[in-house]
Amino acid sequence: MDKKDVFDKIRKGINVLEPKFKEQISKALPEGAYLTSLNYTPLGSAKAKITLAGFARQTEDLLSLRTSLEQNPLFGNFHFPPSNWIRAANIDFSFDFEI
C-alpha cells in the first residue's frame, strides 16, 4: 500500500488535519507498517489529540514509526501502551500523541 494512499482509506477525523500533519505522519510510516484508523480529538484552542491504530510486520517497524514521530517537533506527549510491544511480529498497535 502506498503511504500517501493510506490517508484516502482513513476517513474519521482526517479532514480536520492540516496537510503538514498528514504529510509528516505519512513520511514516518516505514514500509512494514500501515494505519487502520486515525482519530482527531480537539483538546482546546491550539491543541488536539491524535490516536493512531495500525499494523506493523515487526517490532523494528513499530519502533521506526515511534522514533520518527517522537523526533518531529510538531508532535508531543506520546503514549505508547506496553501492549504494543508484546509481540515481535504481526503487531496490531495503537497509540496517541498531541499536535
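Residues numbered from 1 in each chain as written. Predicted model: local features only at pLDDT ≥ 70, side-chain atom pairs only at ≥ 80, totals over all residues. Heavy atoms only, no water.

Participant: Sorry if this is basic, but what is going on with the pattern of salt bridges here?
Facilitator: Close approach of charged atoms allows side chains of opposite charge to pair. Going through the model one piece at a time under the given rule, you end up with three salt bridges. Between Lys 27 and Glu 23 there is a salt bridge whose closest N-O contact spans 3.1 Å. One end of the pair is Lys 27 and the other is Glu 23, both in helix H2 (residues 19-28) and four residues apart, which spans about a single turn. When the shortest N-O distance is used, the salt bridge between Glu 70 and Arg 66 registers 3.1 Å. Taken together, the positions of Glu 70 and Arg 66, both in helix H3 (residues 59-70) and four residues apart, correspond to about one turn of that helix. Looking at Glu 70, the relative accessible area reads 37%, which means it is partly exposed. (Salt bridge = Lys/Arg side-chain N within 4 Å of Asp/Glu carboxyl O. Helix = DSSP H or I, 4+ residues; strand = E, 2+ residues; numbered from the N terminus. Buried < 20%, exposed > 50% of the residue type's maximum accessible area, 1.4 Å probe, protein only.)

Participant: Is there a simple way to explain the sheet that holds strand E2 (residues 48-58) in this structure?
Facilitator: Through backbone hydrogen bonds, the strands of a sheet pair up, either in parallel or in antiparallel fashion. In spatial order, the strands read E1-E2-E4-E3; together these four strands make up an open sheet with antiparallel pairing. Lying at the two open borders of the sheet, with one neighbouring strand each, are strand E1 (33-42) and strand E3 (76-79). Each strand axis lies, on average, 20 degrees off the axis of its neighbour in the sheet, ignoring direction. Relative to strand E4 (residues 89-98), E3 runs antiparallel, the two sharing two bridges. In the strand pairing of E4, Gly 76 is matched with Glu 98. Lying on the sheet, H3 is in contact with E1, E2, E3 and E4; it crosses E2 at an angle near 150 degrees. (Pairing = 2+ DSSP bridges. Axes fitted to C-alpha atoms, helices over the stretch in contact; angles between N-to-C directions. Contact = heavy atoms within 4.5 Å.)

Participant: What exactly am I supposed to notice about H2 here?
Facilitator: In an α-helix, one full turn covers 3.6 residues, which means residues spaced three or four apart are oriented alike. Every buried residue of H2 is accounted for by Phe 21, Ile 25, Ser 26 and Ala 28. What you see down the axis of H2 is that its buried residues fit within an arc of 160 degrees, all on one side. Exposed residues pointing more than 90 degrees away from the buried face of H2 are listed as Pro 19 and Lys 27. (Arc of directions from axis to C-beta.)

Participant: Mind showing me how you'd approach the packing of H2 against H3 here?
Facilitator: Relative orientation and spacing of two packed helices are given, respectively, by the angle between their axes and the distance between those axes. Axis separation between H2 and H3 bottoms out at 8 Å; the angle between their running directions is 145 degrees. When you trace H2 past H3, the crossing you get is right-handed. In this structure, H2 uses Gln 24, Ile 25 and Ala 28 to contact H3, whose residues at the interface are Leu 65, Ser 68 and Leu 69. (Left-handed = near helix turned anticlockwise from the far one by under 90°.)

Participant: In this structure, what is going on with the packing of aromatic side chains? I would like to understand it.
Facilitator: For any two aromatic rings, the description comes down to two numbers: the centre-to-centre distance and the angle of the planes. Under the definition given, this model contains nine aromatic pairs. A ring pair is formed by Phe 21 and Phe 75, whose centres lie 6.2 Å apart and whose planes are at 45 degrees; its orientation type is tilted. You can see Phe 21 sitting in helix H2 and its partner Phe 75 sitting in the loop between H3 and E3, a full 54 residues away along the chain. Of the two residues, Phe 21 and Phe 75, both sit in the buried class. Aromatic ring contacts, followed pair by pair, group Phe 21, Phe 75, Phe 78, Phe 80, Trp 85, Phe 93, Phe 95 and Phe 97 into a single cluster. (Phe/Tyr/Trp six-rings, centres within 6.5 Å; stacked < 30°, edge-to-face > 60°.)

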